[in-house]
Amino acid sequence: MLLTEKKALIGQLKKDLLVWQGVPQKSADVLPMGLGPLEETFPNGIFPRGVIHEFVSFDRVGGAVSCGFISGLLGKLMCNGGICIWISCFHTLFPTALKSFGVVPENVIFVRMGREKDVLWAMEEALKCEGITAVLAEIHHLDFVQSRRLQLAVEKSAVTGFILQHNPKLLGATACAARWKISSLPSQLEDGLPGIGYPSWDIALLKVRNGNPGRWQMTWTASGFAPVAKTRQETEGWAPSYHNQGLA
C-alpha cells in the first residue's frame, strides 16, 4: 500500500472514530468562534459545545484574565440572543464590562450562593435546561465525580458549561472535555493611538478530548479574537514550568 493511501486510510479512520464518539462534523451551520489556529486543534476544527470546559487560575490576575477570555467565548456562543447563567459565591464581576466582549449583560442571569457546594448543585440543575446557551460556575475545587455529573448533564441538554477553579489546592483528573490555563500579556495598542490597548492572553490548552493541546497568544479586538503570534507553540516548551507548579 502506498504511503498516500495509508495516510488517507488513517485520516478516514480518525473521522469515523469521531463520528462514533458523537463529535459533530464541520458544517456551514456551526458558527466558528474566531479563534484562528487554536480552533483548528479541536476535533474537526470545531470548538467543543455541549461539554464542560475547565479553567484553572492561581492568583487574582489569573482569575480576572480567565473571566475575560471566557467572556469572549460567551459573546460568540450568545451572539443570537442566547442566555447564560453565571453562578458563584463572589461579588467581583462588573456586569457592564461584559459588553466589551460582545455579551449583553441583560442576557446573563447572575446567581450568588452562600456555599460552594451549592454552586455545583445549581450548575448541575442549570445545565439540564435545554433553553440555556451556557452556564459558568466559579469554585475552588472540582473532583472527578462532580465533573462527571456535570458532563452527564450536558450530554443530555447540549448546553456548554464553564468551570473556573480559583486557587485549587489539588488539581486532579476530571471528566471535563478541556482544561485551560489563561495568563495575561501586555495589551496590544493600535498604531498611533494612546491608551491601554486591547487585552491579550497567553492561552494554554492543557488537555482536550480528541484534540491537540498547545499554547497560543491571542488578543481581543473590536472584531473579536486575533492571534498575537502566528506560530503555535508546542506543549514541550512549557511542560517543565507546569510540573513545577505541582499540576502534572
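Bear in mind the structure is a predicted one, so any value in this text is a computation, not a measurement. (Residues numbered from 1 in each chain as written. Predicted model: local features only at pLDDT ≥ 70, side-chain atom pairs only at ≥ 80, totals over all residues. Heavy atoms only, no water.)

1. Some thoughts on the nonpolar core
Buried together is how nonpolar side chains tend to be arranged in soluble globular proteins. The condition is simple: Only buried residues count toward a nonpolar core, which is a set of Ala, Val, Leu, Ile, Met, Phe, Trp, Tyr and Cys residues joined through side-chain atoms within 4.5 Å. We call a residue buried when its accessible area falls under 20% of the maximum for its residue type, exposed when it is over 50%, and partly exposed in between, using a 1.4 Å probe and counting protein chains only. Only DSSP runs of H or I covering at least 4 residues are called helices, and only runs of E covering at least 2 are called strands; the numbering of each starts at the N terminus. The contact rule is simple, with two residues in contact once any of their heavy atoms fall within 4.5 Å.
With 35 residues, the main nonpolar core has Leu35, Phe69, Leu74, Phe162 and Trp180 as its most contacted residues. Among the secondary structure elements, those contributing two or more residues to this core are α2 (60-77), β2 (84-88), β4 (134-139), β5 (160-166), β6 (178-188), β7 (198-208) and β8 (214-221). The greatest single-element share of this core, amounting to seven residues, is contributed by α2. Those residues within four positions of phenylalanine 69 in sequence are excluded, and the remaining contacts are Leu35, Phe55, Trp180, Ile182, Trp201, Ile203 and Phe225. Counting 20 residues, the second-largest nonpolar core is a separate cluster that includes Ile85, Val119, Ile139 and Leu150.

2. What about the pairing of strand β1 (residues 52-57)?
Where we set the bar: Paired strands, as defined in this entry, are two strands with at least two bridges between them according to DSSP.
With six of its six residues buried, β1 lies for the most part within the structure. Taking every second residue as pointing to the same face, both faces of β1 are buried, with Ile52, Glu54 and Val56 on one and His53, Phe55 and Ser57 on the other. Here β1 pairs with β5 via six bridges, running parallel. Its bridge partner being in β5, valine 56 is matched across the sheet by glutamine 165. Pairing between β1 and β6: four bridges, direction parallel. What sits directly across from histidine 53, in β6, is alanine 178.

3. Thoughts on the pattern of salt bridges
In plain terms, the rule: Salt bridge, as applied in this entry: a Lys or Arg side-chain nitrogen positioned within 4 Å of an Asp or Glu carboxyl oxygen.
Summed over all chains, the structure comprises six salt bridges. Here arginine 115 ties to aspartate 118 by a salt bridge, and the two come within 3.0 Å at their closest N and O atoms. Arginine 115 sits in the partly exposed class, given a relative accessible area of 46%. In this structure, glutamate 124 engages arginine 149 in a salt bridge whose closest nitrogen and oxygen atoms are separated by 2.9 Å. Of this pair, glutamate 124 sits in helix α3 (residues 116-127) while arginine 149 sits in helix α4 (residues 144-157), and the two are 25 residues apart along the sequence. On the basis of relative accessibility, which here comes to 12%, the residue glutamate 124 falls in the buried class.

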